[in-house]
Amino acid sequence: MDVPVVHLPTERDKLRNLKAGCEALLWGTVFTARDQAHARMVEAIFTGKDLPIEIDGQFIYYAGPTPPPPGSPAGSLGPTTSSRMDPFTPHLLEKGLAGAIGKGPRSPETREAFLRHRAVYLIAVGGAAALLGSRVKEMELVAYPDLGAEGIYRLQLRDFPVLVAYDVFGGDIFSR
Amino acid sequence: MRKIDPVIIEETVRDLAVKASIDLAPDVEFALREALELERHKLARYALGQIVENIQVARERKVPICQDTGYFSVFIRFGPDVQLPSNIQRLVDSGIARATREAYLRASVVKDPLFHRVNTGDNTPVQLHLEQDAGEGELSITVFPKGGGSENATQLEMLLPTAGVREIEERVVRMVEKKAPSACPPVVVGIGLGGSADTALLAGKKALLRPLGTKHELEEYSALENQLLQAINRLGIGAAGLGGSNTAIAVHIEAQATHIANLALAVVISCHALRRSTGKI
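Note that the structure is predicted; figures quoted are calculated from it, not measured. (Residues numbered from 1 in each chain as written. Chains lettered and ligands numbered in written order. Predicted model: local features only at pLDDT ≥ 70, side-chain atom pairs only at ≥ 80, totals over all residues. Heavy atoms only, no water.)

**Student:** Sorry if this is basic, but what is going on with the overall build of chain A here?
**Tutor:** Helix and strand content of chain A: four helices and seven strands. The secondary structure elements of chain A, listed N-terminal to C-terminal, are β-β-α-β-α-β-α-β-α-β-β. Since a compact globule built from 176 residues should have a radius of gyration of about 16 Å, the 15 Å found for chain A is in line with a globular shape. With respect to the three principal axes, the spread of C-alpha positions in chain A is 45 × 40 × 25 Å. In chain A, which comprises 176 residues, the proportion classed as buried is 59%. The contacts of chain A with a sequence gap of at least 6 include a subset with a gap of at least 24, amounting to 65%. Accessible area for chain A stands at about 7,200 Å²; split by element, carbon and sulfur atoms hold 49% of it. (Helix = DSSP H or I, 4+ residues; strand = E, 2+ residues; numbered from the N terminus. Rg over C-alpha atoms; globule rule 2.2 N^0.38 Å. Buried < 20%, exposed > 50% of the residue type's maximum accessible area, 1.4 Å probe, protein only. Contact = heavy atoms within 4.5 Å. Areas by Shrake-Rupley, 256 points an atom, 1.4 Å probe, with all protein chains shown as cover.)

Quick look at the structure:
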């Protein structure tokens with residue numbers, strides 16, 4: 001069977017087609033953000049400031065890239081441990097975040113928040129970063145430049161392989 | 001007295017750091033390929049397939065195996081008659097900074113853990129360990145970058161000195177069960193036993209340097225390593241935490257002298273991309 005392709009950002013309705021445990025290939029736009037970018041965005045939400053990117057309907061990829069070598073749009077770019085973002089993710093889901101890509105299971109509270117907001121959690125293979133980086137066709141720094149690799153980058157993905165970890169029906173790849 | 005040229009130190013550290021970051025060592029690649037071959041779980045095979053493919057892609061693209069190019073430890077072992085340059089920390093830092101720049105490694109080190117988490121930009125300072133335990137005239141350098149995710153899986157317990165093999169086994173399995181899922185399994189488990197709390201942790205890290213596929217020199221420890229590996233692989237965490245029979249590809253123990261009241265147990269976990277490279281000068 002062919003692996004389904006998901007074009008991002010996507011309409012909410014189409015997220016229903018993603019079932020926990022299934023493979024998918026991502027095309028299109030995602031934003032990187034990891035620990036410090038999450039802390040800053042949630043601080044902005046708490047203090048009533050604007051977020052540096054519009055996250056409604058978007059996907060966040062928990063990752064911090066290596067610098068691209070000359071002639072390459074990206075270097076190595078695999079997922080980092082998602083659970084470190086657990087305290088922040090529910091606040092971003094409330095602002096309309098449609099999904100996240102990372103590695104490893106989440107806290108029960110965060111898993112519940114994905115379900116409540118009808119958002120999906122996808123996982124990429126941790127440590128397969130040279131392979132995953134080769135599926136990144138454009139990479140542009142869009143926020144928090146002082147954070148270096150921890151800043152927010154807009155990525156264009158092509159054939160980026162993921163598994164669906166949490167689907168919108170409560171399915172969970174880790175509890176099978 | 002054998003006097004070492006400072007330039008050689010810097011160049012060797014640079015070269016070893018680049019090699020470790022991009023070109024996974026044959027012992028680790030062999031173990032991962034074997035894991036893929038033996039794995040029957042579908043999702044785990046998906047993960048191991050990408051992990052093995054990634055090793056080749058990194059070599060071909062000449063990019064790091066993982067975007068987390070790690071926090072660098074450098075171990076310099078030298079003989080009693082070898083005279084190291086006096087500015088050794090600076091030379092090693094300079095070698096790692098050059099590798100970071102020239103091989104496009106990610107800058108992943110901040111200068112202060114709490115109040116000033118400002119990136120140093122070049123992966124310095126390096127954690128340098130000098131050990132005067134090599135043979136006459138010998139000098140070897142090992143560069144060992146370790147990712148932050150797997151470092152968060154490090155654990156230490158101070159056991160009663162009367163604890164037996166059974167208790168060690170139970171505790172290690174529980175510690176691995178708790179932390180391996182987020183440490184990019186299949187992991188390599190380094191266990192430091194004995195010493196004091198600080199040296200147990202260092203022994204656990206050094207246990208990861210031993211080539212995979214080699215046995216502990218003492219029969220009892222070798223048997224315990226095998227027992228632990230089997231028990232860990234019965235946990236069912238599996239590659240990328242998705243299930244299957246490959247939660248760990250190796251368990252290595254390093255034991256050392258300790259106080260009559262102590263039995264320190266340190267568990268230091270490496271992700272599947274166990275990157276280390278050694279050169280002799």
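**Student:** I keep staring at the sheet that holds strand 8 (residues 248-258) of chain B and nothing clicks. Help me out?
**Tutor:** Adjacent strands of a sheet form backbone hydrogen bonds with each other and so pair up, either parallel or antiparallel. Residue and element names in this part refer to chain B. The sheet built from four strands is open, its strands ordered 6-9-7-8 with mixed pairing. Where the open sheet ends on each side, the last strands, each with one partner, are strand 6 (155-159) and strand 8. The average undirected angle you get between the axes of adjacent strands in this sheet is 15 degrees. With six bridges joining them, strand 7 (residues 187-195) and strand 9 (residues 263-270) adopt antiparallel strand pairing. In the strand pairing of strand 9, glycine 192 is matched with alanine 266. (Pairing = 2+ DSSP bridges. Axes fitted to C-alpha atoms, helices over the stretch in contact; angles between N-to-C directions.)

**Student:** Hey, could you run me through the layout of surface pockets in this one?
**Tutor:** Summary: where empty space remains is shown by rolling a probe the size of a single water molecule over the atoms. One number sums up the size of the largest pocket: a volume of about 1,100 Å³. For the lining of the largest pocket, the elements supplying multiple residues, two or more each, are helix 1 (35-46) of chain A together with strand 2 (71-78), strand 4 (127-131), helix 5 (148-151), strand 6 and helix 7 (197-207) of chain B. Here the residues of the lining of the largest pocket are counted per class, giving twelve nonpolar, 14 polar and 14 charged. Residues from two domains meet in the lining of the largest pocket; each of domain 1 (2-22 + 65-146) and domain 2 (149-273) of chain B gives at least three. (1 Å grid on protein atoms, 1.4 Å probe; cavity = no way out; pocket = protein on both sides within 12 Å on 5 of 7 lines; lining within 4 Å. Points joined across faces, edges and corners; volume = space filled by probe spheres on them. Nonpolar A, V, L, I, M, F, W, Y, C, P; charged D, E, K, R; others polar. Domains from an automatic or database assignment.)

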